[in-house]
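For reference, the chains in residue letters:
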Amino acid sequence: LQQQKLEVEIQNINIEKDFLKSQLNPHFLFNTLNNLYGLSVKKDDSAPEVILNLSDIMSYTLYESNSEKVSLEKEIDFIKNYFELEKMRFEKRLQTSIEVDQQLLKTPILPLSIQTLVENAIKHGIAQRKDGGIIQIQVQRENGYMHTRVLNPGKLKTSGRQGLGLKNLSERLQLQFNGKASFELTEQNGETISAIIKTPLP
């Protein structure tokens, strides 16, 4: 029993370590700071708002990610700030849509779980297409579970291998929800990637 307990603790430590590595893409920070520098040089009136958005994102990443769970509302607010900064980079190539059941806003979820799917959608969807596309976030209640869907234009890699962020997300879901949560990544009609998180409602 002691050996099993030690193995579980080691597994948790490794997952947390990998999670910390994949929290926020450094390229995102680099691009945002470059954009902010450009706005400052031009003395653009939107620079203070960009600084505030970046500050909120860094605060959430540094502090809320240490929590086991956060409210869906906090994660959605974080995503909105994230989208605003990424739209500076992609401009009209990035369109977004967020549809959330308002009764679920206080529901506890894993911090940066939706962010992981959004970042993956930008990296493997929007960034790979000259004309960009739309990222859709849908959060609904279905059969006692909360279904979080992130849809984006693109095709799955033929290897079918998940990146570090998605692999960590899947493992974290299993640990935090005692094996009752699930994560699925599928391709629809060869045009849309659908990432779905299912977590049991309290």
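Quick caveat: nothing in here was measured; it's all calculated off a predicted structure. (Residues numbered from 1 in each chain as written. Predicted model: local features only at pLDDT ≥ 70, side-chain atom pairs only at ≥ 80, totals over all residues. Heavy atoms only, no water.)

S.K.: Honestly, the nonpolar core in this entry has me stumped. Any pointers?
M.R.: Among soluble globular proteins, nonpolar side chains are generally buried collectively. Leu72 and Ile114 are the most contacted members of the largest nonpolar core, which totals 43 residues. For this core, the leading source of residues is helix H4 (residues 72-90), giving eight residues. Ignoring sequence-local partners within four residues, the contact set of Leu72 consists of Val100, Leu104, Leu105, Thr107, Ile109, Ile114, Val139 and Met146. (Core = buried A, V, L, I, M, F, W, Y, C linked by side-chain atoms within 4.5 Å. Buried < 20%, exposed > 50% of the residue type's maximum accessible area, 1.4 Å probe, protein only. Helix = DSSP H or I, 4+ residues; strand = E, 2+ residues; numbered from the N terminus. Contact = heavy atoms within 4.5 Å.)

S.K.: How do you make sense of the environment of Ile109 when you look at a structure like this?
M.R.: In this fold, Ile109 is placed in strand E3 (residues 108-109). Relative accessible area serves as the criterion here: at 6%, Ile109 is assigned to the buried category. Linking Ile109 and Val70, residues 39 residues apart in sequence, is a C-alpha distance of 5.5 Å. When near neighbours in sequence (up to four residues on either side) are disregarded, Ile109 contacts Glu68, Lys69, Val70, Ser71, Leu72, Glu75, Ile114 and Met146.

S.K.: Where do I start with the pattern of salt bridges in this structure?
M.R.: Should the charged atoms of two oppositely charged side chains come close, the side chains can pair. Throughout the structure, instances matching the rule amount to five salt bridges. Salt-bridge contacts for Arg89 lead to Glu86; the nearest nitrogen and oxygen are separated by 3.6 Å. You can see Arg89 and its partner Glu86 sitting in helix H4, three residues apart, about one turn around the helix. Judged by relative accessible area, Arg89 falls into the partly exposed class, the value being 37%. (Salt bridge = Lys/Arg side-chain N within 4 Å of Asp/Glu carboxyl O.)

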